[in-house]
Amino acid sequence: MNILCAGINHQLAPVEVRERFALRGRYILFTGSVLPKKGLEALVKAANLLFLEDHRIALVIAGKNTATVKGQPFEHYLRQFLRDEHQSRVRFLGHVERKRELVPLIAEAEFVVLPSLTEAFSLAPLEAMALVRVVHSASRSPAARRSMSAARRWMSLSSLRLPPTSPCRAAA
């Protein structure tokens, strides 16, 4: 018999991420590799509209950024879609450490966004749901369908208790 334990650590780390990344107020979080296929162009364009409605919220993009578009870093390419007055409300954090930084970032976020139309699977929505965070995703994405299916299973299993001798208890 093979036992697969949950791959999500939902215990908060002691690091105060708001201070480390100088985050103030409410924010929306994208987490993942910063690549064109992730739907970030659409997210940044939508952020302009959101910022007009809500003057206190920010967009935080956490993930490794090695992509270039038209010879410039992808972050610079994305910033061209932001209105000048919204530039300071979008933060690119770069790579963050999963346990010490990412988990608290998710826990502090208003909600997590998954704008990709092509991504087949992502841990980001599962991590967010494990921390009881709302996940907004592109409705046509395979990841959105899988995440909803996983969420239904999670809810049905969440009342189960692990026996004291379970190998998953040690992994948690």
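Scroll up to find the structure this text is about.
A short tour of the structure in this document, coming up. (Residues numbered from 1 in each chain as written. Predicted model: local features only at pLDDT ≥ 70, side-chain atom pairs only at ≥ 80, totals over all residues. Heavy atoms only, no water.)

Counting across every chain of the model gives two aromatic pairs. Taking the centre distance of 5.3 Å and the plane angle of 85° together, the rings of Tyr77 and Phe81 count as edge-to-face. With a relative accessible area of 9%, Tyr77 lands in the buried category. On the basis of relative accessible area, Phe81 is assigned to the partly exposed category, the value being 22%. Above the plane of the ring of Phe81 lies Lys45, whose end atom (NZ or CZ) is 4.7 Å from the centre. (Phe/Tyr/Trp six-rings, centres within 6.5 Å; stacked < 30°, edge-to-face > 60°. Buried < 20%, exposed > 50% of the residue type's maximum accessible area, 1.4 Å probe, protein only. Lys NZ or Arg CZ within 6 Å of the ring centre and 35° of its normal.)

Turning our attention to the nonpolar core. Formed by 20 residues in total, the largest nonpolar core has its most connected members in Leu40, Phe51, Leu59, Ile61, Phe74, Leu78 and Val90. Looking at which element gives the most residues to this core, the answer is helix H2 (residues 40–53), with five residues. Excluding anything up to four places from it in sequence, Leu40 contacts Phe30, Val34, Leu35, Ile61, Phe74, Leu78 and Pro115. Core analysis: the next-biggest nonpolar cluster, separate from the first, contains 15 residues, Phe21, Tyr27, Leu102 and Leu105 among them. (Core = buried A, V, L, I, M, F, W, Y, C linked by side-chain atoms within 4.5 Å. Helix = DSSP H or I, 4+ residues; strand = E, 2+ residues; numbered from the N terminus. Contact = heavy atoms within 4.5 Å.)

Below, the discussion takes up the pattern of salt bridges. Opposite charge on two side chains lets them pair, provided their charged atoms get close. Across all of its chains, the model carries eight salt bridges by this definition. A salt bridge links Glu108 to Arg18, with the shortest nitrogen-to-oxygen separation between them at 2.7 Å. Of this pair, Glu108 sits in helix H4 (residues 98–108) while Arg18 sits in helix H1 (residues 17–20), placing them 90 residues apart in sequence. Overall, the relative accessible area of 36% leaves Glu108 in the partly exposed class. A salt bridge links Glu85 to Arg83, with the nearest nitrogen and oxygen atoms 2.8 Å apart. Each member of the salt-bridge network shares a partner with another, and the members are Arg26, Asp54 and Glu110. (Salt bridge = Lys/Arg side-chain N within 4 Å of Asp/Glu carboxyl O.)

Burial analysis of strand S1 (residues 26–31) places five of its six residues in the buried class, which makes it a mostly covered element. Pairing of S1 with strand S2 (residues 57–62), which is carried by six bridges, proceeds in the parallel orientation. Looking at S2, one finds that Tyr27 is bridged to Ala58. Taken together, S1, H2 and S2 constitute a β-α-β crossover, and its handedness is right-handed. Two elements, S1 and strand S6 (residues 111–114), share three bridges in a ladder whose sense is parallel. Bridge pairing links Phe30 to Val113 in S6. (Pairing = 2+ DSSP bridges. Right-handed = clockwise from strand over helix to strand, strands pointing away.)

Coordinates in, geometry out; function isn't part of it.
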